[in-house]
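Structural overview for review
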Amino acid sequence: TCLILGCMIYPDGWDSDEVKRMCGEQTDKYSLGACSLRWAYILAIMGILDALILAFLAFVLGNRQDSLMAHDLLGEKSGNKAI
């Protein structure tokens, strides 16, 4: 969650005097003007999306594994009673 907040708050500082001096006067919050984003910020956003997708897959596949194991355990218990 900290990475998500950092990526959302980071562009808020683009209207500072230092950024306006480097990128031109047309910079504003969430608008870079003459500057462009480089690979680090884009990779951070891709990392957030990757974490969300993998968390969803872990949840779905974990629930599926639990249901499969429950059937195996029930089968073993019923087999023990018959012997």
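Criteria and thresholds
- Here the residue numbering is sequential within each chain, running from 1 through the sequence in written order.
- Local features in this predicted model are restricted to residues of pLDDT 70 or higher, and side-chain atom pairs are both shown and tallied only at a pLDDT of 80 or more, whereas totals for entire chains, interfaces and linings draw on every residue.
- Here the side-chain values reflect all heavy atoms present in the structure, with hydrogen atoms and water set aside.
- Put simply, DSSP marks the helices as runs of H or I at least four residues long and the strands as runs of E at least two long, and each gets a number from the N terminus on.
- For every residue, the accessible area obtained with a 1.4 Å probe (protein chains only) is divided by the maximum for its type, and the residue is called buried under 20%, exposed over 50%, and partly exposed between those limits.
- Working rule for contacts: check all heavy atoms of both residues, and any pair within 4.5 Å makes them a contact.
- Identification of polar contacts relies on pairs of N or O atoms within 3.5 Å, with a donor-acceptor requirement for protein atoms, meaning one able to donate a hydrogen and the other able to accept it, and with residues adjacent in sequence counted only if both atoms are side-chain atoms.
- For this analysis, a salt bridge means a side-chain nitrogen from Lys or Arg found within 4 Å of a carboxyl oxygen belonging to Asp or Glu.
- Any cysteine sulfur atom paired with another within 2.5 Å is treated as part of a disulfide.
- Stacked, tilted and edge-to-face are the three classes assigned to paired rings of Phe, Tyr and Trp, where Trp is represented by its six-membered ring and a pair needs centres within 6.5 Å; plane angles under 30 degrees give stacked, over 60 edge-to-face, the rest tilted.
- For patch detection, residues must exceed 30% relative accessible area and be free of salt bridges, and they are connected within 9 Å for like charges or within 5 Å for nonpolar side chains (Val, Leu, Ile, Met, Phe, Trp, Tyr).
- Residue-level accessible areas treat just the shown protein chains as cover; the underlying method is Shrake-Rupley with a 1.4 Å probe.

On to the overall build of the chain, then. Scanning the chain from N- to C-terminus turns up three helices and zero strands. Listing every helix and strand of the chain by position from the N terminus yields α-α-α. Each of the 83 residues in the chain was classed as buried or not, and the buried ones make up 12%. Taking the intrachain contacts of the chain between residues at least 6 apart in sequence as the baseline, contacts between residues at least 24 apart amount to 27%.

Along the polypeptide, T27 turns up in the loop between α2 (17-23) and α3 (39-82). Looking at T27, the relative accessible area reads 2%, which means it is buried. Looking at T27, its side chain comes within polar contact range of the main-chain oxygen of G24, at 3.2 Å. T27 has contacts with W14, V19, K20, L32 and G33, leaving out every residue within four places of it along the chain.

Tallied over the full model, the rule gives one salt bridge. K29 is the salt-bridge partner of D12, the closest N and O atoms lying 3.5 Å from each other. You can see D12 sitting in the loop between α1 (2-9) and α2 and its partner K29 sitting in the loop between α2 and α3, a full 17 residues away along the chain.

What the rule picks out here adds up to one disulfide. Two residues, C23 and C35, share a disulfide whose sulfurs are 1.7 Å apart. Handedness here is read from the sign of the S-S torsion; for C23 and C35, about -95 degrees, the answer is left-handed. One end of the pair, C23, is in helix α2; the other, C35, is in the loop between α2 and α3, and twelve residues separate them in sequence. Relative accessible area serves as the criterion here: at 29%, C35 is assigned to the partly exposed category.

With that settled, consider the packing of aromatic side chains. Applying the stated criterion across every chain, the model contains two aromatic pairs. With centroids separated by 5.3 Å and ring planes inclined at 40 degrees, the aromatic side chains of Y10 and Y41 adopt a geometry described as tilted. Taken as a pair, Y10 in the loop between α1 and α2 and Y41 in helix α3 lie far apart in primary sequence, 31 residues in all. In this structure Y10 comes out as partly exposed when scored by relative accessible area, which is 47%.

A grouping of I4, L5, M8, I9, I45, L49 and L52 is seen on the molecular surface, where their side chains present a nonpolar patch of about 640 Å² in accessible area. The element best represented in the nonpolar patch is α1, accounting for four residues.

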